[in-house]
Amino acid sequence: MRVAASSYASLAEVYRDGSYAPFTRAMRLAGTTQVALVRFAQPAGEYPDPPTPDFTLARNERGSGRMRFDIGDGRQDLPFRSGDLVLKAPDVATRFAVTGAHQKSFISLPAALVGRLAAEVSGGGAADFGALHAGVFRSPTALRLLDLMWAEPATDSAHGRLFNDGAVLAQALGSTTTTTTTIKGSTTCNTRSSNSSRMLMA
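Presented here is a report on the structure given in the accompanying data block. Since the model is a prediction, treat every value here as computed from it, not as a measurement.

Some remarks on the overall build of the protein
Step number 1: Along its length, the protein carries 5 helices and 12 strands.
Step number 2: In the protein, which comprises 202 residues, the share counted as buried stands at 50%.

As for the packing of aromatic side chains
Step number 1: Summed over the entire model, instances satisfying the criterion amount to 8 aromatic pairs.
Step number 2: Measuring from centroid to centroid gives 5.7 Å for F23 and Y47, while their planes differ by 85°, and the two rings are edge-to-face. Residue F23 is located in the loop between α1 (11-17) and β1 (24-30), and its partner Y47 is located in the loop between β3 (45-46) and β4 (54-63); the two are separated by 24 residues in the primary sequence.
Step number 3: Take F23: its relative accessible area is 14%, and that puts it in the buried class.
Step number 4: Note on Y47: relative accessible area 6%, which makes it buried.
Step number 5: Linked through ring pairs, Y15, Y20, F23, F40, Y47 and F106 together constitute an aromatic cluster.
Step number 6: Positioned over the ring face of F96 is K104, at 4.4 Å from the centre of the ring.

Rules used in this analysis
- Residues numbered from 1 in each chain as written.
- Predicted model: local features only at pLDDT ≥ 70, side-chain atom pairs only at ≥ 80, totals over all residues.
- Heavy atoms only, no water.
- Helix = DSSP H or I, 4+ residues; strand = E, 2+ residues; numbered from the N terminus.
- Buried < 20%, exposed > 50% of the residue type's maximum accessible area, 1.4 Å probe, protein only.
- Phe/Tyr/Trp six-rings, centres within 6.5 Å; stacked < 30°, edge-to-face > 60°.
- Lys NZ or Arg CZ within 6 Å of the ring centre and 35° of its normal.

Bear in mind that shape data such as this cannot, by itself, settle questions of function.
Here it is, written out as structure tokens:
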């Protein structure tokens, strides 16, 4: 399947309005920044993504077979493993092919938000995430935050807005404060705890 490059403002719009809309199983907006969470299920096949101006943190939820993909740093071929994460950089066209049916989800983080937090943390602009853009990685903290964001009330409640604002901040800040170690074809992440993530994990 081909997805034409266009003026999509985020990968979430591709799954809401584009060719991948039939695969979307759930979508919600989190926090006052209206960050999109998307869950989708697809049969085996090839699924190229157009370049979009957001950071996209995608998660393997259920599936089988193998993944062949290129997120901007060369092709990789790995088993599909639940819990693996991929961070797509802004304005990069990516290609994914999976040999079995699969379910995934992702959070779309505005580049401006990530860049602002990176500047606050490092004193510079948007971070170069290095190995995170090269392949899959694993982060128990990020997975738990994503689970909590899906489980919390929708943003039309005060409690849901408060929680999701903190969770969005923790996810974006965690992306800017990550070190990586490659282990057997994937990467394990060690994320320095921010105040937001410590409160959410309490």
